[in-house]
Amino acid sequence: MSSSAVNPVSGSDAFTADGRHKIGGVILSVQNISLSFGGVRALTNISFDVREHEVLAIIGPNGAGKSSMLNVINGFYHPQEGKVFHKGQERKRMRPYMAARAGIARTFQNIALFKGMSALDNIMTGRNTLMKSGLLAQAFYLGRARKEETAHREFCEKIIDFLEIEAVRKTPVGRLPYGLQKRVELGRALAAQPEILLLDEPMAGMNLEEKEDMCRFILDVNKEFGTTIVLIEHDMGVVMDISDRVVVLDYGRKLADGTPDEVRANQDVIDAYLGGGH
Amino acid sequence: MLYREAGQFKTSYAADQQIFPILQDRIGIGLIAVLALGVLPLFATEYMTTTILIPFLVMSIAAIGLNILTGYAGQLSLGTGGFMATGAFAAYKLSTMFPDLNIVFVFLGSGVITAFVGVMFGIPSLRIKGFYLAVATLAAQFFLLWLFNKVPWFTNYSSSGVISAPPRAIFGDIMVTGSSAHYTAKYLFLLVFVGLLALAAKNLTRCHLGRAWMAIRDMDIAAEIIGIKPLQTKLSAFAISSFYCGIAGAAWGFIYTGSVEPLAFSIEISFKVLFMVIIGGLGSILGSFFGAAFMVLLPVILTNAPHLLGLNIPVDMISHLEYMIFGALIIFFLIVEPHGLARLWQIGKEKLRLWPFPY
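Residues numbered from 1 in each chain as written. Chains lettered and ligands numbered in written order. Predicted model: local features only at pLDDT ≥ 70, side-chain atom pairs only at ≥ 80, totals over all residues.

1. Remarks on helix H8 (residues 208–218) of chain B
- Of all 11 residues in H8(B), 11 are buried, a share of seventy percent or more.
- Three or more residues of H8(B) are buried, namely B:His208, B:Leu209, B:Gly210, B:Arg211, B:Ala212, B:Trp213, B:Met214, B:Ala215, B:Ile216, B:Arg217 and B:Asp218.
- Along its buried surface, H8(B) packs onto helix H4 (119–126) and helix H5 (135–139) of chain A together with helix H3 (46–72), helix H7 (183–206), helix H9 (220–225) and helix H10 (230–256) of chain B. (Buried ≥ 20, exposed ≤ 12 C-beta atoms within 10 Å, placed from the backbone. Helix = DSSP H or I, 4+ residues; strand = E, 2+ residues; numbered from the N terminus. Contact = placed C-beta atoms within 7 Å.)

Here you go:
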């Protein structure tokens, strides 16, 4: 899949030497977010920035508030305090579908595919927001509906090609093995051509080879389309290898924020992961 | 051996996206069309047409309608009878208020009116799901029947509360409704309607609207997160479903029975259509036809079977046996194949692809 077809970028100064999109300005900024459910404080006063075209990892022990953070970003949870700025504009209270339409896609920790539909239909559904043909055109598969279906099918086939799931495109996803389901879910998120992709533990429960494949897909997505990626991951090796920046959460608070090397050297992080007095 | 897609290569996405991508399926559907349009009208007797073919077609429209709502969009509904009654009374009001209106537009108009009614009763679906929604749609069933019973305007102030289909013709002089209409004309008119409606339903379910319905059905939270608006999608399913149910009701009143009272569309009809959808196969247009055939044909077969077998069983005994066998068969089918007859058909086709070399 060539990058020019999907994400035309003029001028070579937009790219780094290894062909990646250069990390740009802040695209999404969360400021002083606090979220609680009844008496449980899930997030306390969290702020960080997400820059355009970067790969940002959010790490932390179980229950640190990582998934809640993603849910705040895509409008699924509404924080009691704090603000979210998307492309410099403060975001109002919103429904999740509005986030999707504004270019924020995500995958889930527990796979959330449409089990009764084929892999292809799942990915096509990811492009639903881009389809505009009317009721009658669809009912009789006329002109616009037919053209639209075929054109979007072509795009989805590129994603299928990219994720190497050609062989299972017509299989109902309920029948697919776990690793392939994860890929289909990534494909569904990619289908909407998002600017920001939120991945919640994309490599959970995978073996080494599957993890390597998934890392390759994530890096390729970032490189070819310049998609900004925010991911949650527990495997430190993966996090340190693929991310540009790391945000560390613990008990709903931010411990550290910086490049993998800075985070690795941070005393608070060492204490949280290995226990105090180490 | 015969049913194979081997050697049928698709070279474009358009070719791969046909409704019947396999040649044998296209031949099959062509044969069915010829049989239904050309052969059956020549040989079917009046009894066969009016007790089997016409009710089968009417109920398949209703089953497609409910299948769109329950099978594709995952919203359980027990209001089918109420929506069918709405269609029948809307058709009656339309055809008596505008006597010059073509019967085709009367049917379509009654569908549109029912769609609006369906949307109104679909609004609770944003908040409640599953069995609770089914109970909420019961309100539609009971309220609508009560309304048509109590407000004489709907029956044009008829003292009996029964509406009779006025005689209407298509193409100038071919009567399709009313007592003077020939049964073959009624059958063919209905058949064309059913064919077009089924085609439209199939197309809707394979385009983006259908995918949005299925996404809401399979996982509504994930659907919303990829940008599908839940309220609009659910209401569109209610609208399209009620459109079909409305036309089914109009066809019931105008073509099948000729005259109808609100009680004909009781809760029993709602359950019957729901059984058709479950037995035929949730989420399958073809399954709607299988389910309708099962529910319409089986009682006829069970009633006539003792005579054909030479058994002398009293009539009341037959009707009791009919209920028992019918219930047992429904349970049997649901245990053997919970996904319905459409799934059995699909398994059969997959077996046929490998036959006679199962490995």
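2. Observations concerning the nonpolar core
All names here are of chain B.
- The biggest cluster of nonpolar side chains holds 168 residues, and the ones touching the most others in it are Val58, Ile61, Ala62, Met84, Tyr244, Ala248 and Ala251.
- Sort the elements by how many residues they give to this core and H10 lands first, with 16 residues.
- Residues in contact with Ala251, not counting those within four places in the same chain, are Val58, Ile61, Leu190 and Tyr256. (Core = buried A, V, L, I, M, F, W, Y, C linked by C-beta atoms within 7 Å.)

3. Notes on the pairing of strand E9 (residues 245–250) of chain A
All names here are of chain A.
- Burial analysis of E9 places 5 of its 6 residues in the buried class, the great majority of the element.
- As paired elements, strand E3 (residues 55–59) and E9 share 4 bridges and run parallel to each other. Residue pairing in the sheet places Ile59 in a bridge with Val248 of E9.
- Note: E9 against strand E10 (residues 253–258), 5 bridges, orientation antiparallel. In the strand pairing of E10, Val247 is matched with Asp257.
- Taking the residues between adjacent antiparallel strands as the criterion, E9 and E10 are bridged by 2 residues, where Tyr251 takes a positive phi near 45 degrees. (Pairing = 2+ DSSP bridges.)

4. Some details on the interface of chain B and chain A
- Every contact between the two is made by 24 residues of chain B and, on the other side, 32 residues of chain A.
- Residue assignment for the side of chain B that touches chain A shows that the elements contributing at least two residues are helix H1 (13–16), H7, H8 and H9 of chain B.
- Counting residues per element, the side of chain B that touches chain A draws most heavily on H8(B), which supplies 7 residues.
- Within the side of chain B that touches chain A, the residues separate by chemical class into 15 nonpolar, 5 polar and 4 charged. (Nonpolar A, V, L, I, M, F, W, Y, C, P; charged D, E, K, R; others polar.)

5. Observations concerning the confidence of the model for chain A
All names here are of chain A.
- Residues of chain A with pLDDT of at least 70 account for 94%, and the chain-wide mean is 86.
- Mean pLDDT across the secondary structure elements of chain A bottoms out at helix H1 (residues 3–6), with 42, and peaks at strand E8 (residues 228–232), with 94.
- Residue range residues 1–11 is modelled with pLDDT below 50. Its contacts to residues more than four positions away, or to other chains, number 12 contacts. (pLDDT = per-residue confidence, 0-100.)

6. What to know about the sheet that holds strand E6 (residues 104–107) of chain A
Residues and elements named next belong to chain A.
- On the basis of which strands lie adjacent, the open sheet formed by 6 strands has the order E6-E7-E8-E3-E9-E10 and mixed pairing. Two strands lie at the open edges of the sheet, namely E6 and E10, each paired on one side alone. For this sheet, the mean inter-axis angle between neighbouring strands, taken without regard to orientation, is 15 degrees.
- Helix H7 (residues 178–191) rests against E6 and strand E7 (196–200) of the sheet, and its axis sits at about 175 degrees to E6. (Axes fitted to C-alpha atoms, helices over the stretch in contact; angles between N-to-C directions.)

7. Focus on helix H6 (residues 143–162) of chain A
Residue and element names in this part refer to chain A.
- End to end, H6 covers 29 Å across 20 residues, agreeing with the expected 28 Å (1.5 Å per residue, within 8%).
- Taken residue by residue, H6 has Ala145, Glu149, His152, Phe155, Cys156, Ile159 and Ile160 as its buried positions. Projected down its long axis, H6 carries its buried residues within an arc of 150 degrees, all on one side. Among the exposed residues of H6, those oriented more than 90 degrees off its buried face are Gly143, Glu154 and Asp161.
- Each element contacted by the buried residues of H6 is listed here: H4, H5 and H7.
- A positive backbone phi angle near 55 degrees is found at Glu164, which sits one or two residues after H6. (Expected span 1.5 Å × (residues − 1). Arc of directions from axis to C-beta.)

8. Observations regarding the domain arrangement of chain A
All names here are of chain A.
- The assigned domain composition of chain A is domain 1 (1–103 + 194–278) and domain 2 (108–193).
- One C-alpha centre belongs to domain 1, the other to domain 2; they are set 25 Å apart.
- Between domain 1 and domain 2, the residue contacts involve 17 residues of the former and 15 residues of the latter.
- The set of elements that each furnish at least two residues to the side of domain 1 that touches domain 2 consists of helix H3 (96–101), E7 and helix H8 (208–225).
- With 4 residues, the top contributor of residues to the side of domain 1 that touches domain 2 is H8.
- Partitioning the side of domain 1 that touches domain 2 into residue classes produces 11 nonpolar, 2 polar and 4 charged. (Domains from an automatic or database assignment.)

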